[in-house]
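Residue strings, one per chain:
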Amino acid sequence: MSQTALIVEDEIFVALDLERILTDAGYNVAGIAADSRTAIETAPGCSFAFVDVNLRDGATGPEIAHRLAQDFGLKIVFVTANPAQIGTHVQALGYIRKPFSERAILAAAAMATGGTIGAVEQPTEYVVPLGLSA
């Protein structure tokens, strides 16, 4: 499976931290998107995405995640301080609560790619399935 990520995050320092973690671990990052339009334009060729809920164009993260999964087949992991806003209609591997750890991001990336780049022993310790509280 491709090792290319899309980061959907409007806080630039958070996005750059995610990008650094992923690239240091050997993943490719296609881009950083702060809104719906940019996320959809950047999605082709990606295999997974880290998606925040609240973006530059509002609480559009769940809608973007749905489109990325449905239209492009991306695996989705939410990275958010507001997991209650995700909803239940989005197919995602789960979420990581902000502030996040490097180990949590690497665990989620390994889950999304079915690989071991930067993997940790128990990824479910870091990535909360939707519908469960952290």
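Structure's up top.
Nothing here was measured: the structure is a model prediction, and the numbers come from that model.

What counts and what doesn't
- Residues numbered from 1 in each chain as written.
- Predicted model: local features only at pLDDT ≥ 70, side-chain atom pairs only at ≥ 80, totals over all residues.
- Heavy atoms only, no water.
- Salt bridge = Lys/Arg side-chain N within 4 Å of Asp/Glu carboxyl O.
- Helix = DSSP H or I, 4+ residues; strand = E, 2+ residues; numbered from the N terminus.
- Buried < 20%, exposed > 50% of the residue type's maximum accessible area, 1.4 Å probe, protein only.
- Axes fitted to C-alpha atoms, helices over the stretch in contact; angles between N-to-C directions.
- Left-handed = near helix turned anticlockwise from the far one by under 90°.
- Contact = heavy atoms within 4.5 Å.
- Nonpolar A, V, L, I, M, F, W, Y, C, P; charged D, E, K, R; others polar.

Enquirer: Account for the pattern of salt bridges, naming residues and giving values.
Expert: For the structure shown, the criterion picks out 8 salt bridges. With a shortest N-O distance of 2.7 Å, Lys98 and Glu9 are connected by a salt bridge. In this pair, Lys98 is assigned in the loop between strand E5 (94-97) and helix H4 (102-113) and Glu9 in the loop between strand E1 (4-8) and helix H1 (12-24), connecting sequence segments 89 residues apart. Owing to a relative accessible area of 2%, Glu9 belongs among the buried residues under this scheme.

Enquirer: Please set out unusual backbone geometry residue by residue, giving values where relevant.
Expert: Of note, the amide linkage connecting Lys98 to Pro99 takes the cis form, showing an omega dihedral of -5°. Turning to its location among the elements, Pro99 is positioned in the loop between E5 and H4.

Enquirer: Now, about the packing of H1 against H4: what can you tell me, with residues and values included?
Expert: In contact at an axis separation of 10 Å, H1 and H4 are set at 60° when each is read in the N-to-C sense. Crossing of H1 against H4: the hand is right-handed. Contact with H1, carried on its side by Leu18, Arg20, Ile21 and Leu22, involves Glu102, Ile105, Leu106 and Ala109 of H4 and no other residues of that element. A class-by-class count of the residues in the contact of H1 with H4 yields 6 nonpolar, no polar and 2 charged.

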